[in-house]
Amino acid sequence: MDVSRTIKIFAAQENISVAELVRRFSKYSGKEYSTHSFSNRLRNGTIHYNEVEQIAKMLGYKITFEKNDDQ
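Conventions we followed
- Residues numbered from 1 in each chain as written.
- Predicted model: local features only at pLDDT ≥ 70, side-chain atom pairs only at ≥ 80, totals over all residues.
- Heavy atoms only, no water.
- Salt bridge = Lys/Arg side-chain N within 4 Å of Asp/Glu carboxyl O.
- Helix = DSSP H or I, 4+ residues; strand = E, 2+ residues; numbered from the N terminus.
- Buried < 20%, exposed > 50% of the residue type's maximum accessible area, 1.4 Å probe, protein only.
- Arc of directions from axis to C-beta.
- Polar contact = N/O pair within 3.5 Å; in protein donor to acceptor, adjacent residues only side chain to side chain.

Peer 1: Quick rundown of the pattern of salt bridges? Include the residues and the values.
Peer 2: Two side chains bearing opposite charge may form a pair once their charged atoms approach each other closely. Across all of its chains, the model carries 3 salt bridges by this definition. The partner of arginine 23 in a salt bridge is glutamate 20, with the nearest N and O atoms 2.6 Å apart. Here glutamate 20 and arginine 23 lie together in helix H2 (residues 18-29), a separation of 3 residues that amounts to about one turn. Salt bridges here are not isolated pairs; linked through shared partners, they connect Glu20, Arg23 and Arg24.

Peer 1: Go over unusual backbone geometry, please, and point to the residues and values.
Peer 2: Positive phi, normally seen in glycine, also occurs at asparagine 15, with a value near 60 degrees. According to the relative accessible area criterion, asparagine 15 is exposed, its value standing at 71%.

Peer 1: I'd like to hear about helix H4 (residues 49-58), residue by residue, with values.
Peer 2: The set of residues buried in H4 consists of Glu51, Val52, Ile55, Ala56 and Met58. All buried residues of H4 project into a common sector of 165 degrees when viewed along the axis, lining one side. Following H4 by one or two positions, glycine 60 has its phi on the positive side, about 90 degrees.

Peer 1: Give me the side chain of arginine 41: which residues, what numbers.
Peer 2: Within the fold, arginine 41 resides in helix H3 (residues 35-44). Since its relative accessible area comes to 18%, arginine 41 is described here as buried. Within the local environment of arginine 41, its side chain forms a polar contact with the side chain of glutamate 51, the two groups lying 2.5 Å apart.

The quantities given are spatial measurements derived from coordinates; they are silent on function.
So, in structure tokens, the structure goes:
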């Protein structure tokens, strides 16, 4: 699953739109994001990992990595 879809799913689970997510994230991060530019970054896959990590934290999630024992 790509990061764009994951972020949208988490926003939906919190009952907020992407526009509201962007508004909250701008306030949380102290950096101004427009809904249009943020959506473009999600779609183009140019969002930074630290931003994804901050969004997850803001929404009450954490990112974890697990070793895949199938390989």
